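Structural characterization, general
Read off the chains here:
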Amino acid sequence: NYISGKAVDHYHRYEEDFDKAKELGHTAHRFSIEWSRIEPEESHWNEEALQHYRGVIQSLRAKNIEPFVTLWHWTLPLWIAKRGGILAPDFPEVFDRYTKKIVETIGPDVQFWITLNEPDVVTSHAYLKAAWPPQEKNFFSFLRANFALLKAHRKSYRTIKSIFPEAMVGIAKHQVS
């Protein structure tokens, strides 16, 4: 079952959530864009979803809250997952195409970009521990997945910087103590 439930319904209630964040003194907000909402079928862009994220950015800006946009927080559109996900031969290229679409659409109002969220966490859980999809315990797949994500980051970094040279771009990295 890949359909998520409503949970706290932030997708529809972000305005009131951001009002509360502002009341609490927040000055920055990190959020992730759901790739499968933006590109539910390969090369077919969901304008309604793009408009939603434009609204999120505008809401944050109106409240003087700095948006930090994460492009990938582990989930994949089904069409790329079926082709091997991170290990699909063209994963870095299709991720870069997605990045370009997002940056061209909402980029003027975003200074801080996070291309990938904790890439080593997802690859270790997927390919070393076999706890997360695709649940393939294989050290060489782990290495290939990390290389693919590094290549995807590098391409996306260059794309963002080519469009907005002053943008701050990085990876979210966890720290184990």
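Now for a quick tour of the structure. Fair warning: this is a prediction, and the values are worked out from it, not measured in the lab. (Residues numbered from 1 in each chain as written. Predicted model: local features only at pLDDT ≥ 70, side-chain atom pairs only at ≥ 80, totals over all residues. Heavy atoms only, no water.)

**Considerations on the sheet that holds strand β3 (residues 112-117)**
- Taken together, the four strands give an open sheet; going across it, the order is β1-β2-β3-β4, and neighbouring strands pair in parallel fashion. For this open sheet the edge positions go to β1 (28-32) and β4 (168-172), each flanked by a neighbour on one side alone. Within this sheet the neighbouring strands show an average axis-to-axis angle of 25 degrees, counted without direction.
- Where β3 meets β4, four bridges bridge the pair, whose relative direction is parallel. Note that in β4 the partner of N117 across the bridge is A172.
- Helix α7 (residues 139-163) contacts β2 (66-72), β3 and β4 of the sheet and is inclined by roughly 165 degrees relative to β3. (Pairing = 2+ DSSP bridges. Helix = DSSP H or I, 4+ residues; strand = E, 2+ residues; numbered from the N terminus. Axes fitted to C-alpha atoms, helices over the stretch in contact; angles between N-to-C directions. Contact = heavy atoms within 4.5 Å.)

**Some points on the packing of helix α5 (residues 91-106) against α7**
- Packing of α5 against α7 brings their axes to within 9 Å, and their N-to-C directions diverge by 30 degrees. Between α5 and α7, the interaxial angle falls into the category roughly parallel. You can see that α5 and α7 cross each other, and the crossing is right-handed. Every residue of α7 that contacts α5 at F91, P92, E93, F95, D96, T99, K100, V103 and E104 is listed here: A148, L149, K151, A152, K155, S156, T159, I160 and I163.
- In the contact of α5 with α7, the residues fall into nine nonpolar, three polar and six charged. (Parallel < 35°, antiparallel > 145°, perpendicular 65-115°, else oblique. Left-handed = near helix turned anticlockwise from the far one by under 90°. Nonpolar A, V, L, I, M, F, W, Y, C, P; charged D, E, K, R; others polar.)

**Observations concerning helix α1 (residues 10-23)**
- Compared with an ideal rise of 1.5 Å per residue, which puts 14 residues at 20 Å, α1 spans 17 Å between its outermost C-alpha atoms and falls more than 12% short.
- The principal kink in α1, of about 40 degrees, is found at E16.
- Those residues of α1 that are buried lie in contact with β1 and α3 (47-62).
- Just beyond α1, the residue with positive phi is G25, at close to 90 degrees. (Expected span 1.5 Å × (residues − 1). Bend = angle between axes of the 7 residues up to and from the residue.)

**Some points on the pairing of β3**
- Where burial is concerned, most of β3 is hidden: five out of the six residues are buried.
- Note: β2 against β3, four bridges, orientation parallel. Directly across from F68, in β3, lies its bridge partner F112. (Buried < 20%, exposed > 50% of the residue type's maximum accessible area, 1.4 Å probe, protein only.)

**Quick word on unusual backbone geometry**
- Cis geometry is found at the peptide bond from P133 to P134, where omega equals 5 degrees.
- One non-glycine residue, N64, adopts positive backbone phi at about 55 degrees.
- With respect to the helices and strands, N64 occurs in the loop between α3 and β2.
- Of note in this structure, E118 is not a glycine but carries a positive phi near 40 degrees.
- Relative to the helices and strands, E118 resides in the loop between β3 and α6 (119-127).

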